[in-house]
Amino acid sequence: MNTPTIEIPHQPTLDDPFSLPGRLQELRDRVRQFIRSEVIPAEPALISGGSTAQTALRALQDKARANGLWGLSHPSELGGRDMPLTDYVHLGEAEGESEFGPTVLGSEHLLDALMLSRHARPTVRQRYLPGLLDGLVTPCYGMSEPGRSGSDPSLMTTRAQQTSDGWVIRGSKWFSRAAHADFITVMCRTEPMGVPNSQAFTMFLVPTETPGFRAVRELSVLGTEGDHREVRLDDVRVPDDCMIGERGAGFAVAGERLDLGRTLRAIQWLGQSRRAFDLMCRRLHQRTAFREPLAAKQLMQQHVFDSYTDIQAARSQVLRAAAAVQSGRRAYADVATAKVLASRALCQVLDRAVQVHGAEGLIDDTPLSRMYRKARATRIYDGPDELHVHTVAKRLLRAYEPDPAAEPDVF
């Protein structure tokens with residue numbers, strides 16, 4: 001018996017919970033259409049690696065520029081539209097429907113561009129910032145170290161020692177996207193033990209062609225090959241101009257990156273969740289079992305409801321986090337909560353989507369297999385969930401300590 005063809009309504013069911021201004025909605029829809037019509041069909045080429053992937057990427061980036069969609073997240077001083085972060089949430093979610101969306105549309109390296117703009121010396125800014133904004137320079141970041149707890153950065157052993165003409169760096173980093181990077185920003189201990197951690201570490205920009213820098217090995221993530229590498233810095237020499245921020249202020253610069261970085265990641269995870277939700281719902285209408293569509297099965301409807309509520313809850317918290325970061329107020333609790341909720345939503349929605357697709361969800365006939373493997377790492381990136389749950393809970397409880405009868409405004 002032929003499976004009946006069922007028309008799927010074009011109108012999505014996960015649009016933003018609040019009406020958007022007309023121009024923002026129009027721009028969001030243009031980004032979404034570009035990702036779905038141009039980027040997603042090109043994913044096989046982009047995943048293939050090598051010259052094929054680079055050629056496909058450059059062609060898509062040129063199309064994005066021609067369509068006025070390049071660098072939408074950038075502030076005006078960096079040639080962007082100076083869009084509030086709370087507005088960019090809606091565009092970034094659309095970009096995030098493809099893992100390549102941020103790269104194609106020029107928003108992937110926003111953190112590094114802002115860091116160089118605010119904290120780099122003029123010579124370094126002039127050398128790298130224009131190419132970074134044009135998508136011609138690729139950065140990476142070196143914080144975590146093999147054999148050390150990434151949730152406790154005070155355990156880092158990479159050191160930078162001052163010399164008469166600059167600094168000598170020795171140490172190892174890993175999970176740095178160094179495969180094609182032009183430079184790496186490395187966190188190093190520069191002060192002796194006993195100095196408070198907040199004053200003991202400094203960041204340095206290291207060009208990857210510097211003698212002594214080498215990629216030790218590729219790190220595949222749950223079998224998914226990518227750009228992650230373990231790198232070694234053996235007596236790497238850099239001039240004073242390569243210092244990012246002030247000596248001993250590495251954690252302050254990193255903290256500035258983290259609040260925005262976690263929020264941007266959470267925004268992109270919303271897009272991935274949205275894509276998985278769409279795939280799941282279409283599958284439920286298209287596949288028939290026991291003489292009725294899967295969409296008629298109550299357990300399948302539970303998957304839809306749970307996924308819908310997961311995404312909507314995560315989106316609401318991401319918008320709250322974006323507002324906190326945008327206002328400049330202390331944002332950790334809002335950002336950490338958004339990171340955890342968006343990561344959980346992504347993992348849970350993908351798990352249900354794979355389940356709905358059955359055996360087909362386990363192989364690369366659909367994008368779900370690759371998305372599922374990559375999503376698992378989100379619960380570890382930028383601090384494991386357990387760290388954020390622990391820290392946020394402690395801060396919330398602390399607000400009630402002085403006076404049990406008080407009603408602190410923690411919401």
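Residues numbered from 1 in each chain as written. Predicted model: local features only at pLDDT ≥ 70, side-chain atom pairs only at ≥ 80, totals over all residues. Heavy atoms only, no water.

## Things to note about the packing of helix H10 (residues 332-357) against helix H11 (residues 368-376)
The contact between H10 and H11 brings their axes to 10 Å, and the two run at 150 degrees. Relative to H11, H10 is oriented roughly antiparallel. Remark: the crossing between H10 and H11 carries left-handed chirality. Only Leu368, Met371, Tyr372, Ala375 and Arg376 of H11 make contact with H10, whose side of the interface consists of Leu346, Cys347, Leu350, Asp351, Ala353, Val354 and His357. Class assignment for the residues of the contact of H10 with H11 results in nine nonpolar, one polar and two charged. (Axes fitted to C-alpha atoms, helices over the stretch in contact; angles between N-to-C directions. Helix = DSSP H or I, 4+ residues; strand = E, 2+ residues; numbered from the N terminus. Parallel < 35°, antiparallel > 145°, perpendicular 65-115°, else oblique. Left-handed = near helix turned anticlockwise from the far one by under 90°. Contact = heavy atoms within 4.5 Å. Nonpolar A, V, L, I, M, F, W, Y, C, P; charged D, E, K, R; others polar.)

## Structural notes on helix H7 (residues 122-134)
Here H7 is 13 residues long and its end C-alpha atoms lie 18 Å apart, about the 18 Å a rise of 1.5 Å per residue gives. The largest bend along H7 measures about 35 degrees and falls at Tyr128, with the proline Pro130 one to four residues further on. Taken together, the buried positions of H7 are Val124, Tyr128, Leu129, Gly131, Leu132 and Leu133. Where H7 is buried, its residues touch helix H6 (110-119), strand E1 (139-142), strand E4 (183-189) and strand E5 (201-207). Of the residues trailing H7, Gly135 is marked for its positive phi of about 80 degrees. (Expected span 1.5 Å × (residues − 1). Bend = angle between axes of the 7 residues up to and from the residue. Buried < 20%, exposed > 50% of the residue type's maximum accessible area, 1.4 Å probe, protein only.)

## Thoughts on the pairing of E4
Buried residues dominate E4, accounting for seven of its seven residues. Bridge count between E4 and E5: seven bridges; the pairing is antiparallel. Paired with Val186 across the bridge in E5 is Phe204. (Pairing = 2+ DSSP bridges.)

## A look at helix H3 (residues 50-66)
Residues separated by three or four positions in an α-helix point in the same direction, a consequence of the helix having 3.6 residues per turn. Here H3 contains 17 residues, and its C-alpha end-to-end distance of 25 Å stays within 8% of the 24 Å for a straight helix at 1.5 Å per residue. Within H3, burial applies to Ala53, Ala56, Leu57, Leu60, Gln61 and Ala64. Angularly, the buried residues of H3 cover 135 degrees about the axis, an arc narrow enough to put them on a single face. Of the exposed residues in H3, the ones pointing more than 90 degrees away from its buried face are Ser51, Thr55 and Ala66. (Arc of directions from axis to C-beta.)

## Remarks on the environment of His303
If you trace the backbone, His303 turns up in helix H9 (residues 298-327). The spatial distance from the C-alpha of His303 to the C-alpha of Gly383 is 28 Å, given a sequence separation of 80 residues.

## Let's talk about the confidence of the model for the protein
Residues of the protein with pLDDT of at least 70 account for 95%, and the chain-wide mean is 91. Within the model, the stretch residues 1-12 combines pLDDT values under 50 with nine contacts to residues more than four positions away or in other chains. (pLDDT = per-residue confidence, 0-100.)

## What about unusual backbone geometry?
A positive phi angle is found at Asp82, which is not glycine, with a value near 55 degrees. Relative to the assigned elements, Asp82 resides in the loop between H3 and helix H4 (85-95). One non-glycine residue, Asp235, lies in positive phi territory at about 55 degrees. Here Asp235 is to be found in strand E7 (residues 229-238). Exposure remark for Asp235: the relative accessible area of 42% places this residue in the partly exposed category.

## Some thoughts on a positive patch on the surface
A surface patch of like charges, here positive, comprises Arg330, Lys394, Arg395 and Arg398. Its place among the elements puts Arg330 in the loop between H9 and H10. Arg330 gets classed as exposed once you look at its relative accessible area, which sits at 75%. (Patch = residues over 30% accessible without salt bridge, like charges linked within 9 Å, V, L, I, M, F, W, Y side chains within 5 Å. Areas by Shrake-Rupley, 256 points an atom, 1.4 Å probe, with all protein chains shown as cover. Salt bridge = Lys/Arg side-chain N within 4 Å of Asp/Glu carboxyl O. Lys, Arg positive; Asp, Glu negative; His and termini not counted. Charge placed at Lys NZ, Arg CZ, Asp CG, Glu CD.)

## Structural notes on the nonpolar core
Within the largest apolar cluster, 83 residues are counted, with the highest numbers of intra-cluster contacts made by Leu46, Val104, Leu105, Leu116, Ile244, Leu264 and Val318. When residues in this core are grouped by element, the largest group, 12 residues, is from helix H8 (residues 250-286). Cys140, Val186, Val206 and Val231 belong to the second largest nonpolar core, which has 18 residues in total. (Core = buried A, V, L, I, M, F, W, Y, C linked by side-chain atoms within 4.5 Å.)

## So, the environment of Asn197
Relative to the helices and strands, Asn197 is located in the loop between E4 and E5. Separated by 83 residues in sequence, Asn197 and Met280 have C-alpha atoms that sit 47 Å apart. Setting aside chain neighbours within four positions, we find Asn197 in contact with Ser154, Arg189 and Phe251.

## Describing the packing of aromatic side chains
Under the definition given, this model contains four aromatic pairs. For the pair Trp167 and Phe204, a centre-to-centre distance of 5.1 Å together with 55 degrees between the ring planes defines the contact as tilted. In this pair, Trp167 sits in strand E3 (residues 166-176) while Phe204 sits in strand E5, placing the two residues 37 residues apart along the sequence. Side by side, Trp167 and Phe204 carry an identical accessibility label, which is buried. Taken together, a centroid distance of 5.3 Å and an interplanar angle of 80 degrees make the contact between Trp174 and Phe175 edge-to-face. The exposure class assigned to Trp174 is partly exposed, which follows from its relative accessible area of 24%. Taking NZ or CZ as reference, Arg65 lies 4.1 Å from the ring centre of Trp70, over its face. (Phe/Tyr/Trp six-rings, centres within 6.5 Å; stacked < 30°, edge-to-face > 60°. Lys NZ or Arg CZ within 6 Å of the ring centre and 35° of its normal.)

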